[in-house]
Each structure stands twice: as C-alpha cells, then as structure tokens.
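Examination of the molecular architecture
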Amino acid sequence: MSEIPARKTYFGLAAFITAILAVLFIAANVGASYLRITPAVFNQLNIITALLYCGTTPLAFGLGIVGFFPRNDSKILAGLGIATVSVPFVVILGQLLLQLAR
C-alpha cells in the first residue's frame with residue numbers, strides 16, 4: 001500500500017501575513033500622532049490601531065510557533081513572522097522600561 005502524502009499546512013504563511021498586518025497597525029498608531037486632527041479623532045484612531053496591534057501580535061507569534069511543528073510547513077515564513085512581530089514589540093517594551101526607569 002502506498003502512503004498518502006501529508007497535506008501541506010500554511011501556518012508559516014499565515015504567521016508572516018499576520019505579522020505584516022501587526023507592523024502596519026503599529027505604524028498606523030505612530031502615524032496617527034502626527035496627524036492634525038481633533039483629540040477625539042486621535043483618541044479613536046489610537047484605540048482602534050492599538051487594539052488591532054495587540055490582537056494581531058500574539059496571533060502572529062502563536063501561528064509562527066505552530067508553523068514550526070508540522071513537517072510540511074514553511075519554517076522560514078514562520079520564523080520571519082515571529083521575528084517581524086518581535087522586533088517592534090521589543091522596541092516598545094524597551095521604551096516602556098526606559099520611561100519607568102526615569
């Protein structure tokens with residue numbers, strides 16, 4: 001009997017796409033602070049973009065971790081997804097720690 005080939009999974013690709021979205025959301029959050037808008041509109045944009053960033057970052061990280069386990073998934077894309085969301089997260093965490101140390 002011949003073995004049925006394992007189906008290809010796409011957790012790595014999903015992690016990378018979600019990571020790119022997370023970076024776009026944090027860029028939109030920073031970009032909103034440079035717009036000439038009313039404080040009410042800024043507050044809404046800030047909340048929406050921060051919420052989307054805080055939702056997509058752990059999702060991308062989790063999909064990247066899951067993407068490492070299947071044999072037939074793209075481990076390179078999973079690693080890129082993890083790295084893509086980790087760099088902005090570490091920068092923001094570093095800024096927070098510097099502000100708390102002052």
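Residues numbered from 1 in each chain as written. Predicted model: local features only at pLDDT ≥ 70, side-chain atom pairs only at ≥ 80, totals over all residues. Heavy atoms only, no water.

Details of a nonpolar patch on the surface
Residues Tyr10, Leu13, Ile17, Ile20, Leu21 and Leu24 make up a contiguous nonpolar surface patch of roughly 560 Å² in combined accessible area. On the basis of relative accessible area, Tyr10 is assigned to the exposed category, the value being 53%. (Patch = residues over 30% accessible without salt bridge, like charges linked within 9 Å, V, L, I, M, F, W, Y side chains within 5 Å. Areas by Shrake-Rupley, 256 points an atom, 1.4 Å probe, with all protein chains shown as cover. Salt bridge = Lys/Arg side-chain N within 4 Å of Asp/Glu carboxyl O. Buried < 20%, exposed > 50% of the residue type's maximum accessible area, 1.4 Å probe, protein only.)

A closer look at the side chain of Asp73
Within the secondary structure, Asp73 sits in the loop between helix H2 (39-68) and helix H3 (75-101). One buried charged side chain, Asp73, makes no salt bridge at all; its nearest oppositely charged neighbour is Lys8, positioned 5.7 Å away. A polar contact of 3.2 Å, which involves the side chain of Asp73, links it to the backbone nitrogen of Gly12. The residues touching Asp73, leaving out its near neighbours within four places in the chain, are Thr9, Tyr10, Phe11, Gly12 and Gly67. (Helix = DSSP H or I, 4+ residues; strand = E, 2+ residues; numbered from the N terminus. Lys, Arg positive; Asp, Glu negative; His and termini not counted. Polar contact = N/O pair within 3.5 Å; in protein donor to acceptor, adjacent residues only side chain to side chain. Contact = heavy atoms within 4.5 Å.)

Overview of the environment of Thr9
Positionally, Thr9 belongs in the segment before helix H1 (11-32). Residue Thr9 is classed as partly exposed on the basis of its relative accessible area, which comes to 22%. A sequence separation of 52 residues divides Thr9 from Phe61, and the C-alpha atoms of the two residues are 16 Å apart. Those residues within four positions of Thr9 in sequence are excluded, and the remaining contacts are Pro70, Asn72 and Asp73. Engagement of the side chain of Thr9 in a polar contact is seen with the side chain of Asp73, the distance being 3.0 Å.

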